[in-house]
Amino acid sequence: MFISFEGIDGSGKSTQARLLAEALQALGHEVVHTREPGGSPGAEEIRSLVLEGDPDRWSAETEILLFTAARRDHLEKTIRPAIAAGKVVICDRFADSTRVFQGVTRGDLQDKVNRLHNEMIGIEPDLTLLFDMDPAIGLARAKGRQTSEERFEDFGQDFQEKCRAAFLDLAKAHDRFTVIDAGREIEVVAKEVLTLVAGQLSS
Ligand code: ADP
Ligand code: TYD
């Protein structure tokens, strides 16, 4: 099973992905917990190119190419081998992030994103959990972390508002999405996520 975690910055994806991975392992599942951009040595190198530096360092079009290049390497080296071995893959962000962050927020580039995706990636997760919450709170949470990877957070709150709306539009359009209210306590969200995923794994 291939599960992606999506949502705006600071919505708790990384925290919840880690908790789900630990809980599934405790239940005896073999789990690969990975992330984008990154998740393979080559893709991690591309990660620092796209997440560090000035917000206007790259155009949205150049970013589409960089994120898709990173995803292709991640798919070849990490995701496909894990799926083939029957493991549960938990991926912190996947192609929906490109659809939103590059496809919608800085002009309508959705068609370009989808064409490149179909050509170079060609798979979707079985299940996508959308961690939905108020961007002001998400951004405050994200800014509380000490990291140099702030290029997208520096686009500001309006940008994150657009991202939230675009994620919710994708969720309405595709059955593989489940929207999670991410504004609640960590343990409450984790319990809902585990119940949902364990239910799908046993069905
Ligand atoms: P994301 O991966 O979506 O950017 P993180 O999991 O890194 O989000 O969480 C961002 C920050 O918010 C972290 O410092 C984390 O400890 C904190 N956090 C995560 N979930 C919650 C929550 N439900 N309530 C309060 N703080 C949270
Ligand atoms: P991530 O490390 O998940 O950040 P956070 O934990 O703050 O949510 O992702 C870093 C940034 O990269 C995030 O702001 C979204 C952006 N991003 C894209 O713009 N396009 C993409 O295809 C991906 C995977 C991420």
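Cut-offs and rules
Residues numbered from 1 in each chain as written. Chains lettered and ligands numbered in written order. Predicted model: local features only at pLDDT ≥ 70, side-chain atom pairs only at ≥ 80, totals over all residues. Heavy atoms only, no water. Near = heavy atom within 4 Å. Polar contact = N/O pair within 3.5 Å; in protein donor to acceptor, adjacent residues only side chain to side chain. Areas by Shrake-Rupley, 256 points an atom, 1.4 Å probe, with all protein chains shown as cover. Helix = DSSP H or I, 4+ residues; strand = E, 2+ residues; numbered from the N terminus. Core = buried A, V, L, I, M, F, W, Y, C linked by side-chain atoms within 4.5 Å. Buried < 20%, exposed > 50% of the residue type's maximum accessible area, 1.4 Å probe, protein only. Contact = heavy atoms within 4.5 Å. Pairing = 2+ DSSP bridges. Axes fitted to C-alpha atoms, helices over the stretch in contact; angles between N-to-C directions. Arc of directions from axis to C-beta. Expected span 1.5 Å × (residues − 1).

Chemist: I'd love a proper account of the site of ligand 2, names of residues and values included.
Modeler: Surveying the vicinity of ligand 2 reveals 16 residues, the closest of which are Arg47, Arg93, Thr98, Gln102 and Arg145. With respect to ligand 2, the side chain of arginine 93 contributes an N or O atom lying 2.8 Å from an oxygen atom. The side chain of threonine 98 places a nitrogen or oxygen atom 2.5 Å from an oxygen atom of ligand 2. Contact with the protein chains removes 94% of the 540 Å² of surface that ligand 2 exposes when unbound. At the level of secondary structure, the elements contributing two or more residues to the shell around ligand 2 comprise helix 2 (41-51), helix 3 (60-84) and helix 4 (95-101).

Chemist: How would you explain the nonpolar core if you had to name every residue and give the values?
Modeler: Formed by 37 residues in total, the largest nonpolar core has its most connected members in Phe5, Ile90, Leu129, Phe131, Val193 and Val197. The greatest single-element share of this core, amounting to six residues, is contributed by helix 7 (residues 157-173). In this view, isoleucine 90 contacts Ile3, Phe5, Ala17, Leu20, Ala21, Leu24, Val31, Val32, His33 and Thr34; residues no more than four positions away in its chain are not counted. Grouped together as the second largest cluster of nonpolar side chains are 10 residues, Val32, Cys91, Ala95 and Ile121 included.

Chemist: Could you give me a rundown of the site of ligand 1, with the residues and numbers involved?
Modeler: Lining the immediate environment of ligand 1, one finds 13 residues, of which Lys13, Ser14, Thr15, Arg145 and Arg184 sit closest. Between an oxygen atom of ligand 1 and a side-chain N or O atom of serine 14, the distance comes to 2.5 Å. Alone, ligand 1 offers 560 Å² of accessible surface; in the complex the protein occludes 73% of this. It is helix 1 (residues 13-26) that provides the largest number of residues to the shell around ligand 1, a total of three residues.

Chemist: Pulling in residues and values, what's your account of the sheet that holds strand 2 (residues 31-35)?
Modeler: Strand order in the open sheet formed by five strands is 2-3-1-4-5, and the pairing between neighbours is parallel. Sheet topology places strand 2 and strand 5 (177-181) at the edges, where each strand pairs with a single neighbour. In this sheet, adjacent strand axes meet at a mean angle of 20° when their direction is disregarded. Summarising the sheet, strand 2 and strand 3 (residues 88-92) pair through five bridges and their orientation is parallel. From the neighbouring strand, threonine 34 faces strand 3, where its bridge partner is cysteine 91. Across the sheet, helix 7 lies against strand 1 (2-7), strand 4 (127-132) and strand 5, angled at about 145° from strand 4, the strand it touches most.

Chemist: Describe helix 2, and please don't skip the residues or the numbers.
Modeler: Taken residue by residue, helix 2 has Ala43, Ile46, Arg47, Val50 and Leu51 as its buried positions. The buried side chains of helix 2 occupy one side of the element, clustering within an arc of 120° when seen end-on. Exposed side of helix 2, more than 90 degrees from the buried face: Pro41 and Glu45 are the residues found there. Contacts made by the buried residues of helix 2 are with strand 2 and helix 3. Just beyond helix 2, the residue with positive phi is glycine 53, at close to 100°.

Chemist: How would you explain helix 8 (residues 186-202) if you had to name every residue and give the values?
Modeler: Look at helix 8: 24 Å from first C-alpha to last across 17 residues, which is about the 24 Å you get at 1.5 Å a residue. Every buried residue of helix 8 is listed here: Val189, Ala190, Val193 and Val197. An end-on view of helix 8 places all buried positions within 95° of arc, on one side of the element. Opposite the buried face of helix 8, by more than 90 degrees, sit the exposed residues Glu187, Lys191, Thr195 and Ser202. Of the surrounding elements, those touching the buried residues of helix 8 are strand 1, helix 1, strand 4 and strand 5.

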